[in-house]
Amino acid sequence: MQSNFRGLSRRRAAASIAAAGLLASLGVSGVAHAAPDYPTKPVRILVGFSAGGTTDVVARILAKELTQALGQPFVVENKPGGGSNIATEQAMQAPADGYTLLCMAVTSAINQTLYPNAKFDLNRDFEAVVLGAKVPNILVVNNAVPAKNVKELIEWARTNNDKIAYASSGSGTSIHMAGEMFKARTGLKTQHVPYKGSAPALTDLIGGQVQFMFDNMPSAWPQVQGGKLRALAVTTKARSPSAPDIPTMEESGVAPFDVSSWFGLVAPKGTPKDVIDKINKAVNAAFDKPEVKEAYMKLGAVAEHNTPKQYSDFIRHEVSSWAPVVKASGAKVD
């Protein structure tokens, strides 16, 4: 009996050691990966565009709220270039510890099709954290352009095709795709001039180096209010509550036309769930704050409470929805 008992004890001990080793090798120890005190140091939020554009503006609003809610600095770092792919790839390669986030725009969903050799896959390489904002795009023109509405812009562009160019914040952005959709719907042959963000594109549009642009409303609307640009239409199905007097593209005779931009936080694949949930909870709480609601209203942006799962499903839908639009436009970037 004693011999059998000792044998059984040895087998149980060996099984326990083997199980512990297996759990360690699979990295499933809740204690090893949990981060109850997160964050304990500053957190980077990478932005794939230059400062001043809508992605940057939304990222800074979220960074401020997260800093206040979680007690450590959330610092925005602008990494423009490659239609936001440079920042996306850097975020993908960062440690999955919650200290590097990416403020991703709709651009990344478009880039999955636009860039055949893209090194990342949004559904495979990232954890969805929270959808931060949705905004309409708005068609704006340089004040020297004689058109006062979309119909007049089309007529003027057809007689000046070789002298006209439209700007975007980069190849593959919803701003670029809105321009390509406009060309497809109207038969225009205007030249596309990509920039490393909305801010430099708007600077050249105001200066007359380009003639029109479909920009995100948060970055373009202040220029319209300041009299530096003229707004002709918004790109969504419905008019914007922030600019109810501006007609939609469809109301202006260009249909179908429904384009909007969105911005949200993602983390490298494998980032602990408790970290993701903590950030998600803080951002959702910020949506209810009067000052955030006011800031979003001024930008023409809207936000709704959402879970990581809902945001993940949304990203998956956006990637599949934009693919046929990109293919139909004929746009491609190596």
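See the structure above.
Residues numbered from 1 in each chain as written. Predicted model: local features only at pLDDT ≥ 70, side-chain atom pairs only at ≥ 80, totals over all residues. Heavy atoms only, no water.

Novice: Go over helix α9 (residues 198–207), please, and point to the residues and values.
Specialist: Among the residues making up α9, those that are buried are S198, A201, L202 and L205. Seen from one end, α9 has its buried residues packed into an arc of 100°, which puts them on one side. Those residues of α9 that are exposed and aimed more than 90 degrees away from the buried face are T203 and G207. Buried residues along α9 sit against β4 (126–142), β5 (165–168), α8 (174–186), β7 (212–216), α10 (217–225) and β8 (229–234). G208 occupies a position one or two residues after α9 and carries a positive phi of about 90°. (Buried < 20%, exposed > 50% of the residue type's maximum accessible area, 1.4 Å probe, protein only. Helix = DSSP H or I, 4+ residues; strand = E, 2+ residues; numbered from the N terminus. Arc of directions from axis to C-beta. Contact = heavy atoms within 4.5 Å.)

Novice: Which residues make up the pattern of salt bridges, and what values go with them?
Specialist: Counted under the stated rule, the structure contains twelve salt bridges. Put simply, E180 and K183 hold a salt bridge, and the shortest N to O gap is 3.7 Å. Taken together, the residues E180 and K183, both in helix α8 and three residues apart, mark about one turn of the helix. K183 shares its class with E180; the two are buried. Close ionic contact of E250 with K237 constitutes a salt bridge, the shortest N to O distance being 3.2 Å. Here K237 lies in the loop between β8 and β9 (260–268) and E250 lies in the loop between β8 and β9, a separation of 13 residues in the sequence. Judged by relative accessible area, E250 falls into the partly exposed class, the value being 24%. (Salt bridge = Lys/Arg side-chain N within 4 Å of Asp/Glu carboxyl O.)

Novice: Which residues make up the pairing of β9, and what values go with them?
Specialist: Most of β9 sits out of view: eight of its nine residues are buried. The pairing of strand β3 (residues 100–105) with β9 spans four bridges and is antiparallel. From the neighbouring strand, M104 faces β9, where its bridge partner is G264. Sheet topology places β4 next to β9; nine bridges connect them, and they run antiparallel. Residue pairing across strands places K134 opposite W262, the latter belonging to β9. (Pairing = 2+ DSSP bridges.)

Novice: Describe unusual backbone geometry, listing the residues and the values that go with them.
Specialist: Residue P39 is reached from Y38 by a cis peptide bond, and omega for that bond is -5°. The linkage connecting A255 with the following residue, P256, adopts the cis geometry, with an omega of -5°. Phi at S84 is positive, roughly 85°, even though this residue is not glycine. Its relative accessible area of 5% is what places S84 among the buried residues.

Novice: Report on the side chain of S261, specifying residues and quantitative values.
Specialist: For S261, the location among the structural elements is in strand β9. In terms of polar contacts, S261 uses its side chain to reach the side chain of S174, at 2.4 Å. With near-sequence residues (within four places) excluded, S261 lies in contact with V106, A133, K134, V135, N137, S174 and N216. (Polar contact = N/O pair within 3.5 Å; in protein donor to acceptor, adjacent residues only side chain to side chain.)

Novice: I'd like a description of the side chain of S168, backed by residues and values.
Specialist: Positionally, S168 belongs in strand β5. Of note is the side chain of S168, whose polar atom sits 2.7 Å from the side chain of H192. Excluding anything up to four places from it in sequence, S168 contacts T173, I175, H176, H192, V193, P194, Y195, G197, A201 and M213.

Novice: Go over the packing of aromatic side chains with me, naming the residues and quoting the values.
Specialist: One pass over the full model with this rule turns up nine aromatic pairs. On the basis of an interplanar angle of 20° and a centroid distance of 5.9 Å, the ring pair of F214 and F257 is categorised as stacked. With a gap of 43 residues between them, F214 in strand β7 and F257 in the loop between β8 and β9 connect regions that are remote in the sequence. The same class applies to F214 and to F257, which are both buried. Ring geometry for W262 versus F314: centroids 5.2 Å apart, planes at 75°, classification edge-to-face. One end of the pair, W262, is in strand β9; the other, F314, is in helix α13 (residues 308–329), and 52 residues separate them in sequence. F314 matches W262 in its accessibility class, with the two residues each being buried. Put simply, the rings of Y166, F182, F212, F214 and F257 touch in pairs and so form one group of aromatic residues. Note that K41 overlies the ring of Y99, its terminal NZ or CZ placed 4.7 Å from the centroid. (Phe/Tyr/Trp six-rings, centres within 6.5 Å; stacked < 30°, edge-to-face > 60°. Lys NZ or Arg CZ within 6 Å of the ring centre and 35° of its normal.)

Novice: Explain the environment of P36 to me, using residue names and the numbers behind them.
Specialist: Following the sequence through the fold, P36 ends up in the loop between α2 (30–33) and β1 (43–47). Counting along the chain gives 242 residues from P36 to K278, while the straight-line C-alpha distance between them is 9.3 Å. Not counting residues up to four positions away in its chain, the partners in contact with P36 are D274 and K278.

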